[in-house]
Amino acid sequence: MSNVFVIDSDYKPLNPVHPGHARRLLRQGKAAVFRRYPFTIVLKRVVEQPEIQPLHLKLDPGSKTTGIALVNDTNGHIVFAAELSHRGHAIKDSLDSRRASRQGRRQRKTRYRKPRFDNRRRKKGWLPPSLESRLANILTWVARLCRYAPIATLSQELVKFDMQLMENPDIAGVQYQQGTLQGYEVREYLLEKWERTCAYCGKQDVPLQVEHIHPRARSGTNRMSNLTLACEACNTAKGTQEIEVFLKKKPDVLKRLLAQVKKPLKDASAVNSTRCALLERLKAIGLPVECGSGGLTKFNRATRGLPKTHWLDAACVGKSTPDVLLQKGVIPLRIKATGHGRRQMCVPDKYGFPKQHKERKKTFLGYQTGDLVKAITPKGTFEGRIAIRHRPSFRLEKVDIHPKYMRCVQRSDGYEYTQKGVRHAPPHG
């Protein structure tokens, strides 16, 4: 597993230690468990003038998953790694559901409520809640890791590889948009949108060519909505035929292709919308921030012979990447954003009518839903996330347990953790 974070009795971060050394400190009574995820111990003394090895926190932001890595630039050790899964799609689904419920309620006139969307004013730099949650998740974990480890520098993957700008730094305007970069961006966009698959026959792992759906010979344009990817055989067979003629005997393929043409590339749009905002907020922390490109990350990963994963991509971000990255024995912590519950007091059914009312208090007997607890009962020992009821009978691993048998291991913090095959998921209910 990854190294264990250490803080002293003044809560100042020290150098992370090997798990074996952490076990010895705990067994000898010189330290206590401070936090389960990420595993952190607190020494029972103050360390005067500690010898600190500064660490480098690297981020590979993504639409669905963000890679996180703590690297010691001096020796190339990856001290800690994690993959943070976002919940932007869940937030959007919740907002869509609320919008539909309110609209239906207004239409039925069961309760009059004037629409307010025309009265709102958005401040400069506003982002949709689904994108804002991605930034909040990343910044939350940057702040946490800064509290538990001696971090001196930050790195973030900011932009894609830009060969045109490297060859001609003075290029600008129309030249910049219509040069080599345009072809590179177009091809990368198509590879992402069509999932590196021939649009006509579905072949993968073969050389793909940029194909015009409506042929250029028949006044077709170079717009993105008119481009797709095809293998050489399909591209040659289609020639200058209209797509309806070429796929006349394959109506299902034609229908799928025309639907895929209109499908936006949401993941790329989400990353592009948040990358600059994330950079500005990282700079506000006060630590030096290094920016790297996607092309440089891929080059660093390939030259060091590392497989493609989110956390290894993060470790390879930026020019400061050590020549040798030591990742033996590192097991990344899987972090999934789950939120802190909902503020909605009345839960409606699919028709918009109330079916359930929440209690006004979020806690009961000192516990709340999502707390990680350990319960030693006459029936056995249980450990996991609890779902509280407003009576002394909580749900833990499909068993009802009285709170008197429970001991809180870690308070609910809006995230679910998985490591070494052990999963502590928030309960339903």
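Residues numbered from 1 in each chain as written. Predicted model: local features only at pLDDT ≥ 70, side-chain atom pairs only at ≥ 80, totals over all residues. Heavy atoms only, no water.

Asker: Looking at this model, I keep getting lost on the nonpolar core. Mind explaining?
Answerer: Burial of nonpolar side chains together is a common tendency in soluble globular proteins. Membership of the largest hydrophobic core comes to 32 residues, with the highest contact counts inside it found for Leu57, Ile68, Leu70 and Ile335. Elements that contribute at least two residues to this core include exactly strand E4 (55–60), strand E5 (65–71), strand E6 (78–85), helix H3 (129–148), strand E7 (151–159), helix H10 (266–283), strand E11 (333–337) and strand E21 (415–419). The dominant element in this core, judged by the number of residues it contributes, is H3, at eight residues. Residues in contact with Leu57, not counting those within four places in the same chain, are Ile68, Ala69, Leu70, Val142, Leu145, Ile151, Thr153, Leu154 and Ser155. Leu190, Trp194, Ile213 and Ile243 belong to the second largest nonpolar core, which has 20 residues in total. (Core = buried A, V, L, I, M, F, W, Y, C linked by side-chain atoms within 4.5 Å. Buried < 20%, exposed > 50% of the residue type's maximum accessible area, 1.4 Å probe, protein only. Helix = DSSP H or I, 4+ residues; strand = E, 2+ residues; numbered from the N terminus. Contact = heavy atoms within 4.5 Å.)

Asker: It is not clear to me how unusual backbone geometry should be interpreted in this structure. Could you clarify?
Answerer: Phi is mostly negative for residues that are not glycine, and the peptide bonds are mostly trans. A cis geometry characterises the amide bond from Tyr37 onward to Pro38, with omega recorded as -15°. Here Pro38 is to be found in the loop between strand E2 (31–35) and strand E3 (40–43). Here Asp205, not a glycine, exhibits a phi torsion of approximately 60°, which is positive. Relative to the helices and strands, Asp205 is located in the loop between helix H6 (180–193) and strand E8 (208–212). With a relative accessible area of 81%, Asp205 lands in the exposed category. The phi dihedral of Glu397 falls on the positive side, at around 55°, and the residue is not glycine.

Asker: Would you take a moment to explain a positive patch on the surface for this structure?
Answerer: On the surface, a cluster of positive charge is contributed by Arg98, Arg116, Arg120, Arg122 and Arg343. Its place among the elements puts Arg343 in the loop between E11 and strand E12 (346–348). Residue Arg343 is classed as exposed on the basis of its relative accessible area, which comes to 79%. (Patch = residues over 30% accessible without salt bridge, like charges linked within 9 Å, V, L, I, M, F, W, Y side chains within 5 Å. Areas by Shrake-Rupley, 256 points an atom, 1.4 Å probe, with all protein chains shown as cover. Salt bridge = Lys/Arg side-chain N within 4 Å of Asp/Glu carboxyl O. Lys, Arg positive; Asp, Glu negative; His and termini not counted. Charge placed at Lys NZ, Arg CZ, Asp CG, Glu CD.)

Asker: Help me understand the pattern of salt bridges in this model?
Answerer: Summed over all chains, the structure comprises 13 salt bridges. With a closest N to O distance of 2.4 Å, Arg334 and Glu83 form a salt bridge. Of this pair, Arg334 sits in strand E11 while Glu83 sits in strand E6, and the two are 251 residues apart along the sequence. Linking Lys308 and Asp313 is a salt bridge whose minimum nitrogen-to-oxygen distance equals 2.7 Å. The buried category is assigned to Asp313, whose relative accessible area is 5%.

The values are spatial; any link to function lies outside them.
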